[in-house]
Amino acid sequence: MNIYVIVEGEVGEKQVYKEWIPCVNGKLRFSPTIDEVKSNNFLIFHGGGYPQYLSKIESAIDDVLTINEGGKRLFDRLVVSADSEEHSYDERKIELTKFIESKLKERRIKTLDYKIIVQNFCLEAWCLGNRKIISKSNKNAELKKHAKYYDV
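Residues numbered from 1 in each chain as written. Predicted model: local features only at pLDDT ≥ 70, side-chain atom pairs only at ≥ 80, totals over all residues. Heavy atoms only, no water.

Visitor: Help me understand the environment of I44 in this model?
Guide: With respect to the helices, strands and loops of the structure, I44 is situated in strand β3 (residues 41-46). Among residues more than four places away in sequence, those in contact with I44 are V5, V7, K14, Y17, K18 and F30. (Helix = DSSP H or I, 4+ residues; strand = E, 2+ residues; numbered from the N terminus. Contact = heavy atoms within 4.5 Å.)

Visitor: Explain the packing of aromatic side chains here, please?
Guide: For any pair of aromatic rings, the description rests on two quantities: the centre-to-centre distance and the angle between the ring planes. In total, this model carries four aromatic pairs according to the counting rule given. Geometrically, the ring pair formed by Y4 and F45 is tilted, given 5.4 Å between the ring centres and 35° between the ring planes. Residue Y4 is located in strand β1 (residues 3-7), and its partner F45 is located in strand β3; the two are separated by 41 residues in the primary sequence. Residue classification places Y4 among the buried residues on the basis of a relative accessible area of 3%. Feature note: the residues Y4, F45 and F75 constitute an aromatic cluster, connected by ring pairs. (Phe/Tyr/Trp six-rings, centres within 6.5 Å; stacked < 30°, edge-to-face > 60°. Buried < 20%, exposed > 50% of the residue type's maximum accessible area, 1.4 Å probe, protein only.)

Visitor: Help me understand the pairing of strand β4 (residues 77-83) in this model?
Guide: Remember that side chains alternate between the two faces of the sheet whenever the strand is regular. Within β4, seven of the seven residues are buried, which leaves it mostly tucked inside the rest of the structure. Alternating residues of β4 divide into R77, V79, S81 and D83 and L78, V80 and A82, and every residue in both groups is buried. The sheet contact formed by β4 and strand β5 (residues 114-119) spans six bridges and is parallel. Residue V79 lies in a different strand from β5, and its bridge partner there is K115. A crossover connection joins β4 to the parallel β5 through helix α3 (residues 89-106); in handedness this β-α-β unit is right-handed. (Pairing = 2+ DSSP bridges. Right-handed = clockwise from strand over helix to strand, strands pointing away.)

Visitor: Is there a simple way to think about the sheet that holds strand β2 (residues 29-30) in this case?
Guide: To summarise the sheet geometry, strands pair through backbone hydrogen bonds and adopt either a parallel or an antiparallel arrangement. Taken in spatial order, the five strands make up an open sheet running β2-β3-β1-β4-β5, and their pairing is parallel. Strands at the two margins of the open sheet, each flanked by one partner only, are β2 and β5. Relative to β3, β1 is paired through five bridges, and the arrangement is parallel. Looking across to β3, one finds that V5 is bridged to I44. Each of β4 and β5 touches α3; the most contacted strand, β5, lies at about 150° to it. (Axes fitted to C-alpha atoms, helices over the stretch in contact; angles between N-to-C directions.)

Visitor: Would you explain the nonpolar core in this entry?
Guide: A general trend in soluble globular proteins is that nonpolar side chains are found buried together. Judged by nonpolar contacts, the single largest core of 23 residues is most densely connected at Y4, I57, I61, L78, L96, I100 and L104. For this core, the secondary-structure elements that each account for two or more residues are β1, α2 (53-65), β4, α3 and β5. With seven residues, α2 is the largest single contributor of residues to this core. Apart from the residues lying within four places of it in its own chain, the contact partners of L104 are I61, L65, I109, L112 and Y114. Core analysis: the next-biggest nonpolar cluster, separate from the first, contains nine residues, I3, V7, I44 and V79 among them. (Core = buried A, V, L, I, M, F, W, Y, C linked by side-chain atoms within 4.5 Å.)

Visitor: Would you explain the pairing of β1 in this entry?
Guide: Most of β1 is tucked away, with five of its five residues classed as buried. Side chains of β1 alternate between two faces, with I3, V5 and V7 and Y4 and I6 buried alike.

Visitor: Help me understand the pattern of salt bridges, please; the structure alone is not making it clear to me.
Guide: For side chains bearing opposite charge, pairing can occur when the charged atoms are close. Inspection of every chain in the model, using the stated rule, returns nine salt bridges. In this structure, R77 engages D113 in a salt bridge whose closest nitrogen and oxygen atoms are separated by 3.0 Å. In this pair, R77 is assigned in strand β4 and D113 in the loop between α3 and β5, connecting sequence segments 36 residues apart. With a relative accessible area of 30%, D113 lands in the partly exposed category. (Salt bridge = Lys/Arg side-chain N within 4 Å of Asp/Glu carboxyl O.)

As structure tokens, then:
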């Protein structure tokens, strides 16, 4: 199984998902480029934030639907990860589902295996507010500076 992942942010999400995905599915390995995707790989592209990531999702749909030389699709699933920001979890999920379904309808595609992950408010806020990840007793000066500024 190969998975095509679109994350909203340019840095944080890409780093986190690169580590998380193999924890969830130990068979999957990160592939830095589409040319290196073979079997049991995942590829991560950043979407550049809202609303730019909508065009990246559209391009990702095309990539996932592309048939390779062997007559098969290279990717089995599309995963879209986005921040809810000022919207609720449900509002953002409905918005992305409608967007993806409309693009599939335009292409006359009946099915595509896709998953939507909504990060309630944003990944960075979740990480900074998670006491198991960011403890108050951390000694790292750079982290302390950011945690104080972004204290959630």
